[in-house]
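Notes for the structure review
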Amino acid sequence: AQSVTQLGSHVSVSEGALVLLRCNYSSSVPPYLFWYVQYPNQGLQLLLKYTTGATLVKGINGFEAEFKKSETSFHLTKPSAHMSDAAEYFCAVSGNSGNTPLVFGKGTRLSVIA
Amino acid sequence: SAVISQKPSRDICQRGTSLTIQCQVDSQVTMMFWYRQQPGQSLTLIATANQGSEATYESGFVIDKFPISRPNLTFSTLTVSNMSPEDSSIYLCSVRQDGELFFGEGSRLTVL
């Protein structure tokens, strides 16, 4: 079974500051890990995913995440926040099979202050 | 990438009625997943639908309330039965392809 814990339901950063959204997972098998973004009244968009290989994963819009097995973490970062990054971010985990569903965390709302 | 069409995109329903949501995928897939996103909440998996067998429901969801059909490898339906205001949510059909989860546009239900 898999589960995800996102630390902080709301994160606020200044424009130009580092964005760090935390995600810890639990999985009984090697995990696949995902970050999705949801803008108000819109659907979910995949930011990035880790399946196998390189543990530092780069995604769209300048985001990246690092898979750390020893810490069971998959934190999302962006060096410099932009106003357009304000959204809800969801971390998700699945088993390493293409036919298993994703389990989502509760989400973190990112606010960017001018 | 998979293209998923859901109908209806939104509906307003009366308490006690039932509504069926349809999901069509542009390619054959083994598993289809139904999620619910309540207002301001994350996505919760309702059930996994495998063609040719009964759907597998997650804890807290039962077949009598959310019956699912999966008649072939490209289509599925989810029915929300005997609706109450607490069922007001976005219901999402999804499939996995190349490791990624693809979503339909969702069906936004409001129960009065």
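Shown above is the structure to which this text applies.
Scope of this entry: the structure provided in the associated data block. Please read these numbers as outputs of a predicted model, since none were measured by experiment.

What follows covers the interface of chain A and chain B. Chain A puts 20 residues into the contact, and the matching count from chain B is 17 residues. Summing the contributions of chain A and of chain B, the shared interface buries around 1,400 Å²; its carbon and sulfur component is 54%. Its largest share of buried area at the contact with chain B, chain A owes to Asn99, Pro101 and Phe104 of chain A, together 33% of the area lost on that side. Put simply, chain A and chain B have zero salt bridges between them. In this assembly, chain A and chain B are joined by seven residue pairs in polar contact (both at pLDDT 80 or more). Counting residues per element, the side of chain A that touches chain B draws most heavily on strand β4 (residues 31-38) of chain A, at four residues. Of the residues assigned to the side of chain A that touches chain B, the class counts are nine nonpolar, nine polar and two charged.

Below, the discussion takes up the state of the cysteines. As enumerated under the stated definition, the model contains two disulfides over all chains in all. For Cys23 of chain A, the disulfide goes to Cys91 of chain A, at an S-S distance of 2.0 Å. Disulfide Cys23 of chain A-Cys91 of chain A: torsion about the S-S bond near -65 degrees, hence left-handed. With a gap of 68 residues between them, Cys23 of chain A in strand β3 (residues 19-27) and Cys91 of chain A in strand β9 (residues 87-95) connect regions that are remote in the sequence. You can call Cys91 of chain A buried: its relative accessible area is 0%. With a sulfur-sulfur separation of 1.9 Å, Cys23 of chain B is cross-linked through a disulfide to Cys93 of chain B. Taking the sign of the torsion about the S-S bond as the criterion, the disulfide between Cys23 of chain B and Cys93 of chain B, at about -65 degrees, is left-handed. Of this pair, Cys23 of chain B sits in strand β3 (residues 19-25) while Cys93 of chain B is found in strand β9 (residues 89-97), placing the two residues 70 residues apart along the sequence.

Cut-offs and rules
Residues numbered from 1 in each chain as written. Chains lettered and ligands numbered in written order. Predicted model: local features only at pLDDT ≥ 70, side-chain atom pairs only at ≥ 80, totals over all residues. Heavy atoms only, no water. Contact = heavy atoms within 4.5 Å. Buried area = accessible area lost by both parts, 1.4 Å probe. Salt bridge = Lys/Arg side-chain N within 4 Å of Asp/Glu carboxyl O. Polar contact = N/O pair within 3.5 Å; in protein donor to acceptor, adjacent residues only side chain to side chain. Helix = DSSP H or I, 4+ residues; strand = E, 2+ residues; numbered from the N terminus. Nonpolar A, V, L, I, M, F, W, Y, C, P; charged D, E, K, R; others polar. Disulfide = S-S within 2.5 Å. Buried < 20%, exposed > 50% of the residue type's maximum accessible area, 1.4 Å probe, protein only.

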